[in-house]
Amino acid sequence: MTKQRLYSGMQPSADSLQIGNYIGALLQWRGMQEEYDAFFSVVDLHAITVAQDPEHLREKTRRTAAQYIAAGIEPSRSTLYVQSHVRAHAELAWILSTITGFGEAGRMTQFKDKSQKQGADATSVGLFTYPILMAADILLYQTDVVPVGDDQKQHVELTRDLAERFNSRFGDTFVVPKPVIQAETARIYDLQDPTSKMSKSAESHAGVLWLLDEPSVTAKKIMRAVTDSEGSVRYDRSEKPGVSNLLTIYSALSGRPIAEIEDEYAGRGYGDFKKGLRDVVVSEFEPVRARALELLDDPAELDRLLAVNADRAAEIADATLATVYERVGLLRRG
Ligand code: ATP
Ligand code: LTN
């Protein structure tokens, strides 16, 4: 039986990924790459929907790709590539934009939130059409499943609507993809503000655990994580968000159920618990960090790997795009 196809991606929006990206995305991707024919992209065209320093963007793009590989995404098994290396993404996004309603795009809550924060003049049209580019990413590869966080669900729903609309207007062309929504237990919160999601673009880095941080920095951030005055290691998301978040991280990385960890630390203070967590996180990150830095030491080899993978991606994407051009009625170049 042929494998189902899977597509996901991340923006190169920081020098390092954070532990939420690792637990919520990379670990799941790594686990799925055997069962699926998987495509993972570093979505640099999405990243430029907000202002980027050109040199820094290039660096962040390489770094993000290196961390995918270091975390166990195998470029010989999965297709791991940089979005802008495959021109078809931007081209299909244009076609899809012509069948997207203005009102329909305007209902995307992520855009509404971001543009409200930034103000209309600081918001690019690219940020508005961002979900259409995401739809193009997914549809080019005839994707069956799209693993994403809850915040991206609406974009995958739009992708499904666009696929169905195109298929009914122009004939069966796209597979209609299904979202696979990340489990709530894989959601990680900021260590200093445990009611907000940990994020690469957080203003303060004090509560963000970066994959590429030095182990001593990671250790310090864990020891300083916000808890509460109760003193018992117990999971209770609403009353004890700080401790609950640390338990989630502990459980996700150690593979042990939360109840077992609670038992282990029953009657012991937060200090002991944090030390235990520190050891778990540091030993998980250490080999990933070492491998990522090694890959980044040889950018030519990394670029070569990405080029091979981009060729593999382009072959599929170009075929889909050619069909789309044909169906839409664009005159073929003679
Ligand atoms: P940005 O701040 O640039 O939006 P981010 O760190 O919030 O970045 P994304 O690039 O939006 O992350 O997401 C990449 C992947 O990582 C997605 O699959 C998302 O669900 C997952 N992810 C991001 N943050 C977390 C988190 N705190 N907990 C669990 N998963 C997360
Ligand atoms: N918008 C997503 C990143 C992303 C993506 C995709 C995810 C771009 N294209 C295609 C899945 C499939 C984000 O910010 N997490």
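Refer to the preceding data block for the structure.
Residues numbered from 1 in each chain as written. Chains lettered and ligands numbered in written order. Predicted model: local features only at pLDDT ≥ 70, side-chain atom pairs only at ≥ 80, totals over all residues. Heavy atoms only, no water.

(A) Main features of the overall build of the chain. A tally of regular secondary structure across the chain gives 13 helices and five strands. A compact globule built from 334 residues would reach a C-alpha radius of gyration of about 20 Å, and the chain, at 21 Å, matches this within 12%. Counting over 334 residues, the chain shows a buried share of 49%. The contacts in the chain between residues at least 6 apart in sequence include a share of 75% that link residues at least 24 apart. (Helix = DSSP H or I, 4+ residues; strand = E, 2+ residues; numbered from the N terminus. Rg over C-alpha atoms; globule rule 2.2 N^0.38 Å. Buried < 20%, exposed > 50% of the residue type's maximum accessible area, 1.4 Å probe, protein only. Contact = heavy atoms within 4.5 Å.)

(B) Representation of the packing of aromatic side chains in the model. Overall, the coordinates contain 13 aromatic pairs when judged by the stated rule. For the pair Tyr250 and Phe273, a centre-to-centre distance of 5.9 Å together with 5° between the ring planes defines the contact as stacked. With a gap of 23 residues between them, Tyr250 in helix α10 (residues 241-254) and Phe273 in helix α12 (residues 270-296) connect regions that are remote in the sequence. In this pair, the class of Tyr250 matches that of Phe273, namely buried. By the ring-pair criterion, three or more aromatic residues cluster together here, those being Tyr7, Phe39, Tyr81 and Tyr141. Geometry around Tyr130 places Lys114 over its ring, the cationic atom sitting 5.9 Å from the centre. In this structure, Arg237 packs its charged tip against the face of Tyr189, placed 3.8 Å from the ring centre. (Phe/Tyr/Trp six-rings, centres within 6.5 Å; stacked < 30°, edge-to-face > 60°. Lys NZ or Arg CZ within 6 Å of the ring centre and 35° of its normal.)

(C) Looking closely at a negative patch on the surface. Side chains of Glu91, Asp311, Glu315 and Asp318 sit close together on the surface and give a patch of like negative charge. For the negative patch, the leading source of residues is helix α13 (residues 299-328), giving three residues. Structurally, Glu91 is set in helix α4 (residues 88-97). (Patch = residues over 30% accessible without salt bridge, like charges linked within 9 Å, V, L, I, M, F, W, Y side chains within 5 Å. Areas by Shrake-Rupley, 256 points an atom, 1.4 Å probe, with all protein chains shown as cover. Salt bridge = Lys/Arg side-chain N within 4 Å of Asp/Glu carboxyl O. Lys, Arg positive; Asp, Glu negative; His and termini not counted. Charge placed at Lys NZ, Arg CZ, Asp CG, Glu CD.)

(D) Up close: the site of ligand 2. The local shell around ligand 2 holds 13 residues, among which His46, Tyr130, Met134, Asp137 and Gln152 are the closest. Tyr130 places a polar side-chain atom, nitrogen or oxygen, 2.7 Å from a nitrogen atom of ligand 2. The contact in question runs from a nitrogen atom of ligand 2 to an N or O atom on the side chain of Gln152, over 2.9 Å. Relative to its unbound accessible area of 370 Å², ligand 2 is 89% covered by the protein chains. (Near = heavy atom within 4 Å. Polar contact = N/O pair within 3.5 Å; in protein donor to acceptor, adjacent residues only side chain to side chain.)

(E) Up close: α4. For α4, the complete set of buried residues consists of Ala88, His89, Leu92, Ala93, Ile95 and Leu96. One side of α4 holds all its buried residues, which, seen down the axis, span an arc of 160°. On the buried face of α4, the contacting elements are β1 (5-10), β3 (79-82), α7 (125-140), α8 (153-170) and α13. (Arc of directions from axis to C-beta.)

(F) Local environment of the nonpolar core. Within the largest apolar cluster, 56 residues are counted, with the highest numbers of intra-cluster contacts made by Ile19, Tyr22, Leu26, Tyr68, Ile249, Phe273 and Val281. For this core, the secondary structure elements donating two or more residues are β1, α1 (19-32), β2 (37-42), α3 (54-70), β3, α10, α12 and α13. In terms of residues, this core owes the most to one element, α12, which gives ten residues. With residues up to four places along the chain from it excluded, the contact list for Ile249 reads Ile19, Ile23, Ile188, Leu191, Leu277 and Val281. (Core = buried A, V, L, I, M, F, W, Y, C linked by side-chain atoms within 4.5 Å.)

(G) Representation of the side chain of Thr173 within the structure. The topology assignment puts Thr173 in the loop between α8 and β5 (178-181). The exposure class assigned to Thr173 is buried, which follows from its relative accessible area of 12%. Setting aside residues no more than four positions away along its own chain, Thr173 makes contact with Gln142, Phe166, Asn167, Thr323, Val324 and Arg327.

(H) Spatial organisation of the pattern of salt bridges. Considering all chains together, one arrives at 20 salt bridges under this definition. For Arg77, the salt bridge is made with Glu74, and the minimal N-O distance between the two is 3.5 Å. Assessed through its relative accessible area of 38%, Arg77 is described here as partly exposed. Ionic contacts of the salt-bridge type, sharing partners, join the residues Asp228, Glu230, Arg234, Asp236 and Lys240 into one network.

(I) Local environment of the site of ligand 1. Of all residues adjacent to ligand 1, which total 18 residues, the nearest are Ser13, Ile188, Ser199, Lys200 and Ser201. In this structure, an oxygen atom belonging to ligand 1 sits 2.8 Å away from a side-chain N or O atom of Gln18. In the complex, 89% of the free accessible area of ligand 1, which totals 590 Å², lies under the protein chains. Looking at the shell around ligand 1 residue by residue, the class counts come to five nonpolar, ten polar and three charged. (Nonpolar A, V, L, I, M, F, W, Y, C, P; charged D, E, K, R; others polar.)

(J) Structural view of the packing of α10 against α12. Orientation of α10 relative to α12, taken along the N-to-C sense of each, is 40°, at an axis distance of 10 Å. Considered as vectors, α10 and α12 are oriented oblique to each other. Judged by the twist between their axes, the crossing of α10 over α12 is left-handed. Contacts between α10 and α12 pair Val243, Leu246, Leu247, Ile249, Tyr250, Leu253 and Ser254 from the former with Tyr270, Phe273, Lys274, Gly276, Leu277, Val280, Val281 and Glu284 from the latter. Residue composition of the contact of α10 with α12, grouped by class: eleven nonpolar, two polar and two charged. (Axes fitted to C-alpha atoms, helices over the stretch in contact; angles between N-to-C directions. Parallel < 35°, antiparallel > 145°, perpendicular 65-115°, else oblique. Left-handed = near helix turned anticlockwise from the far one by under 90°.)

(K) Main features of the pairing of strand β4 (residues 145-148). Burial along β4 is two-sided: Val145 and Pro147 facing one way and Val146 and Val148 facing the other are all buried. As defined by bridge partners, β4 adjoins β5 across four bridges and the pair is classed as parallel. If you follow Pro147 over to β5, its bridge partner there is Val180. (Pairing = 2+ DSSP bridges.)

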